[in-house]
Amino acid sequence: MGEKAVPLLRRRRVKRSCPSCGPELGVEEKKAKGNPISIQLFPPELVEHIISFLPVRDLVALGQTCRYFHEVCDAEGVWRRICRRLSPRLQDQDTKGLYFQAFGGRRRCLSKSVAPLLAHGYRRFLPTKDHVFILDYVGTLFFLKNALVSTLGQMQWKRACRYVVLCRGAKDFASDPRCNTVYHKYLYVLATREHQEVVGTTSSRACDCVEVYLQSSGQRVFKMTFHHSMTFKQIVLVGQETQRALLLLTEEGKIYSLVVNETQLDQPRSYTVQLALRKVSHYLPHLRVACMTSNQSSTLYVTDPILCSWLQSPWPGG
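An unreviewed UniProt entry lists the protein under the name F-box protein 24, with Rhinopithecus bieti as the source organism.

Shown next as structure tokens:
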């Protein structure tokens, strides 16, 4: 009785490693292609030096691919090298300054502005129709008057620009979320102020508040103070002028909102607003929001752990 031949099957093992390195190759592939090397094994200084030669648009696109490249492309050293490459004459200057550099257009002119010498770094910028607002890292908000001028379609700094301190103790600020600076009539500043607990006494307590300034003159026209138990870290705006929704993010990651009518802010009368918990924090109490951004009709919340969700806001309490 003849014996049956049993075929032998050879299994080919493929090991998986980290996504940046890809799957581990077999023995034959290793001999042909060599061992794969992850870019994360390179020194960070070398990676920053290499990507600093990319155009600005390609650098921004690379930073959107993964978390590793986002951190590398957002490094201060990368942008310092890019600025020196685009403006070589800055290499010979060691003093702190503020410059305006246009990355697009035919004329990539460099114009020096009047830098606030009292500023502790530059945390946020907001160009409006006529001026520029700058927030430093200790909460001082600077008001650069008549800072920009358009010459042949190119924005440049005025040499006669001057600056004043708009307010201190600021945490964040916001204006109309539309890109057109014509709509930036008011500036909403989230700040911390000392508030008297009882009228006529010297005892006070630090409370958060929102102060509204005219962007044209820097004059404060409105102020609302919150209870000392409510501490916020960010403010964004949503909606039209007649029904402007202010979204306030607390230190605990909860979002509150209130609605104001901008057409009545400059009128000399008392104005009552109601602070309400946003629906995203009411129905999802376990969700901790880390930061947020908005346009005229919707808001983007970034939660912790990282999870982005684009939420439409057709009504004030949405």
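A. Fine view of the pattern of salt bridges. Counted under the stated rule, the structure contains nine salt bridges. Residues Arg178 and Asp176 are paired through a salt bridge, measuring 2.9 Å at the closest nitrogen-oxygen approach. There is no split in this pair, since Arg178 and Asp176 are both buried. Salt-bridge contacts for Glu241 lead to Arg178; the nearest nitrogen and oxygen are separated by 2.6 Å. In this pair, Glu241 is assigned in the loop between β13 (232-238) and β14 (244-250) and Arg178 in the loop between β9 (170-174) and β10 (186-196), connecting sequence segments 63 residues apart. For Arg178, a relative accessible area of 17% puts it in the buried group. Salt bridges sharing common partners tie together Asp176, Arg178, Glu241, Arg244 and Glu262.

B. Highlighting helix α5 (residues 76-86). Every buried residue belonging to α5 is among Gly77, Val78 and Ile82, and all of these are buried. Taken down its axis, α5 places every buried residue within 140° of arc, on the same side.

C. A look at a nonpolar patch on the surface. Together, Ile37, Ile39, Leu41, Phe42, Leu46 and Ile50 line one region of the surface with nonpolar side chains, adding up to about 590 Å² of accessible area. Here Ile50 lies in helix α2 (residues 44-51). Overall, Ile50 belongs to the exposed group, its relative accessible area being 52%.

D. Summary view of the sheet that holds strand β11 (residues 204-214). Here four strands make up an open sheet; going across it, the order is β9-β10-β11-β12 and the pairing antiparallel. With one partner strand each, in any of the chains shown, β9 and β12 (220-225) form the two edges of the open sheet. The mean inter-strand angle of the sheet, taken between neighbouring strand axes irrespective of direction, is 30°. Bridge count between β10 and β11: 11 bridges; the pairing is antiparallel. Each residue of the ladder has a partner; that of Gln196, found in β11, is Ser204.

Scoring rules and cut-offs
- Residues numbered from 1 in each chain as written.
- Predicted model: local features only at pLDDT ≥ 70, side-chain atom pairs only at ≥ 80, totals over all residues.
- Heavy atoms only, no water.
- Salt bridge = Lys/Arg side-chain N within 4 Å of Asp/Glu carboxyl O.
- Buried < 20%, exposed > 50% of the residue type's maximum accessible area, 1.4 Å probe, protein only.
- Helix = DSSP H or I, 4+ residues; strand = E, 2+ residues; numbered from the N terminus.
- Arc of directions from axis to C-beta.
- Patch = residues over 30% accessible without salt bridge, like charges linked within 9 Å, V, L, I, M, F, W, Y side chains within 5 Å.
- Areas by Shrake-Rupley, 256 points an atom, 1.4 Å probe, with all protein chains shown as cover.
- Pairing = 2+ DSSP bridges.
- Axes fitted to C-alpha atoms, helices over the stretch in contact; angles between N-to-C directions.

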